[in-house]
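# Secondary and tertiary structure notes
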Amino acid sequence: MSKLVAPHGGKGLVCCLLEGAELEAEVKKAEGLKKLDISARAKGDLIMMGIGGFSPLNGFMGKEDWKNVCESFTLADGTFWPVPVTLDASKAEADAIAVGEEIALVRDGIVFATMKVEEKFEMTEADKKWECEKVFKGEGEESADDVFWKIALEDHPGVKMVMAQKEVNLAGPVKVLSEGEYPAEYEGVYLRPAEVRAMFEERGWSEVAALQLRNPMHRSHEFLAKIAIEVCDGVLIHSLIGNLKPGDIPADVRVKAIDTLVEHYFVKDNVIQAGYPLDMRYAGPREGLLHATFRQNYGVNNMLIGRDHAGVGDFYGLFEAQEIFDRIPTPADEGKALLCKPMKIDWTFYCYKCDGMASLRTCPHTKEDRVILSGTKLRKALSEGAEIPDHFGRDEVLVILREYYEGLTEKVEVKMQGAASGDSM
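A brief report on the enclosed structure follows. Predicted model, so just to flag it, every value in this text is computed and none were measured.

## Concerning the nonpolar core
Judged by nonpolar contacts, the single largest core of 89 residues is most densely connected at L46, F54, F60, W81, L105 and L170. For this core, the element with the highest residue contribution is helix α2 (residues 40-51), accounting for six residues. Core analysis: the second largest hydrophobic core is formed by 35 residues, M357, I388, V397 and Y405 among them.

Okay, here's the thing in structure tokens:
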């Protein structure tokens, strides 16, 4: 009997990825189906459905699920789910597909899945705007509708992605045929939920925390991971290896940096590094909930949530991604509830007077005594060739990151916001 938290949804790991003879037959069938080109985001969603990372989802959401998720954080059947997982198509593409028809879903010439189209529903500009307001808009006064929309269309990558979607959503179950480039490019790092669970079981872990990463791992991330190791059996350092926005550091560089950090500064038996194939949605607090939801499928029951988790710019309050966990519905059926709980950590930094890593809960000193740590601040300094303050990152990691930036032929401007600069402290 496993001691790990059960997969989300009460149905075990729901894996849509075909293998063996079943895969061969479906690949052959897909050759004769109508083809629909899909976005990078949809590709990542498909792979997660394939490997069980999005359990209990077995396809793209219909209108009722989409509306419920946006409005109430649950699927139509009452299962907790925090963000829409939808597939868009143009009106012309949708008109050419009949309800009940099977189609092939293609990205960059690769057939990633087949799908039985059970529903088509229009997404007007008003519908997209409503989704954005529900999913991406924060809770504070600064997020009032007029202020939000004044800057969101220019500066919020998640909003821009949704507003750029085509006119119709297609819904229905999928059969996943490919994991794309991830198994080969990230061998040993790209791991399916069942594989990660087996590693936890082998080590005898039952209390497991996950550290979400999309930036290089600096001292604050290291500190968060070590806090989790102190109170849990182990920590999963889980990096996004899908697409990011311009200016973010690519996954292969981040993976190399984490490997180096684990090699020199962690007890290896207490840490597992892995990667997952999603694109960032930049949904702030809602994305923090998504991170906890799919981590439960990996066997994780504690999600590290620090300052401005999954945030972008100044759209969200510093600890809004922690606070949202206190407002989500709790279905009576435990299988439908979110069982992965937040491990809420205050703002962390290096303090010269404390002579070590600390947080606002433990350090009595002033802002001037602290080295404010953030991925954005680190990327900006590296991109400009600026000096990195002492205690910001480990020397071995900074060597890797400097090599990456020195090899760039085009520089991308990194915008500094209040949360990243420390102005909000």
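The structure having been displayed, the exposition proceeds.
## Description of the sheet that holds strand β12 (residues 341-344)
Across the sheet, five strands lie side by side as β10-β9-β8-β11-β12; this open sheet has parallel pairing. Sheet topology places β10 (271-276) and β12 at the edges, where each strand pairs with a single neighbour. Between one strand and the next, the sheet's axes are offset by a mean angle of 30°, whatever the strand orientation. Across six bridges, strand β8 (residues 208-213) lies against strand β9 (residues 234-240) in parallel orientation.

## Section: the layout of surface pockets
The volume enclosed by the second largest pocket comes to roughly 290 Å³. Taken together, 17 residues line the second largest pocket, and the ones lying closest to its centre are N58, G59, F60, M61 and D65. Looking at the lining of the second largest pocket, the elements with two or more residues in it are β2 (59-60) and β7 (168-176). At three residues, the largest contribution of residues to the lining of the second largest pocket is made by β7.

## Thoughts on the pattern of salt bridges
The tally for this structure, following the rule as stated, stands at 19 salt bridges. Residue D326 is joined to K344 by a salt bridge in which the shortest nitrogen-to-oxygen separation is 2.9 Å. One end of the pair, D326, is in the loop between α13 (320-323) and β12; the other, K344, is in strand β12, with 18 residues separating them in the sequence. Looking at D326, the relative accessible area reads 59%, which means it is exposed.

## Comments concerning the side chain of Q273
Checked against the element boundaries, Q273 lands in strand β10. In this structure the side chain of Q273 is engaged in a polar contact, spanning 2.6 Å, whose partner is the side chain of D259. In this structure Q273 touches G188, V189, L191, I237, V255, I258 and D259, once residues within four positions along its chain are discounted.

## A word on the sheet that holds strand β14 (residues 356-359)
Spatial strand order, β14-β13-β15: three strands in an open sheet with antiparallel pairing. Looking at strand neighbours, the two that pair on one side only are β14 and β15 (370-372), the edges of this open sheet. For this sheet, the mean inter-axis angle between neighbouring strands, taken without regard to orientation, is 40°. Here strand β13 (residues 348-351) runs beside β14; their pairing, made up of four bridges, is antiparallel. In the sheet register, Y350 faces β14, and the bridge partner there is M357.

## Examining the environment of K43
Tracing the backbone shows K43 in helix α2. According to the relative accessible area criterion, K43 is buried, its value standing at 11%. The spatial distance from the C-alpha of K43 to the C-alpha of M280 is 12 Å, given a sequence separation of 237 residues. Among residues more than four places away in sequence, those in contact with K43 are I38, R107, F112, E181 and Y182. Engagement of the side chain of K43 in a polar contact is seen with the side chain of E181, the distance being 2.9 Å.

## Quick word on the side chain of D45
Here D45 lies in helix α2. Those residues in contact with D45 that lie beyond four places of it in its chain are F54, F60, V85, L278 and R281.

## A word on helix α15 (residues 395-406)
Between its first and last C-alpha, α15 extends 16 Å over twelve residues, near the 16 Å set by a 1.5 Å rise per residue. Buried residues of α15: V397, L398, I400, L401 and Y405, and no others. Buried residues of α15 fall within an arc of 160° about the axis and therefore sit on the same side. Exposed positions of α15 whose direction lies more than 90 degrees from the buried face are D395 and E406.

## Details of the state of the cysteines
Tallied over the full model, the rule gives zero disulfides. Lacking any disulfide linkage, C70 is separated from the closest cysteine sulfur, that of C132, by 9.1 Å. No disulfide involves C351; its sulfur sits 3.6 Å from that of C363, the nearest cysteine.

Procedures and definitions
- Residues numbered from 1 in each chain as written.
- Predicted model: local features only at pLDDT ≥ 70, side-chain atom pairs only at ≥ 80, totals over all residues.
- Heavy atoms only, no water.
- Core = buried A, V, L, I, M, F, W, Y, C linked by side-chain atoms within 4.5 Å.
- Buried < 20%, exposed > 50% of the residue type's maximum accessible area, 1.4 Å probe, protein only.
- Helix = DSSP H or I, 4+ residues; strand = E, 2+ residues; numbered from the N terminus.
- Pairing = 2+ DSSP bridges.
- Axes fitted to C-alpha atoms, helices over the stretch in contact; angles between N-to-C directions.
- 1 Å grid on protein atoms, 1.4 Å probe; cavity = no way out; pocket = protein on both sides within 12 Å on 5 of 7 lines; lining within 4 Å.
- Points joined across faces, edges and corners; volume = space filled by probe spheres on them.
- Salt bridge = Lys/Arg side-chain N within 4 Å of Asp/Glu carboxyl O.
- Polar contact = N/O pair within 3.5 Å; in protein donor to acceptor, adjacent residues only side chain to side chain.
- Contact = heavy atoms within 4.5 Å.
- Expected span 1.5 Å × (residues − 1).
- Arc of directions from axis to C-beta.
- Disulfide = S-S within 2.5 Å.

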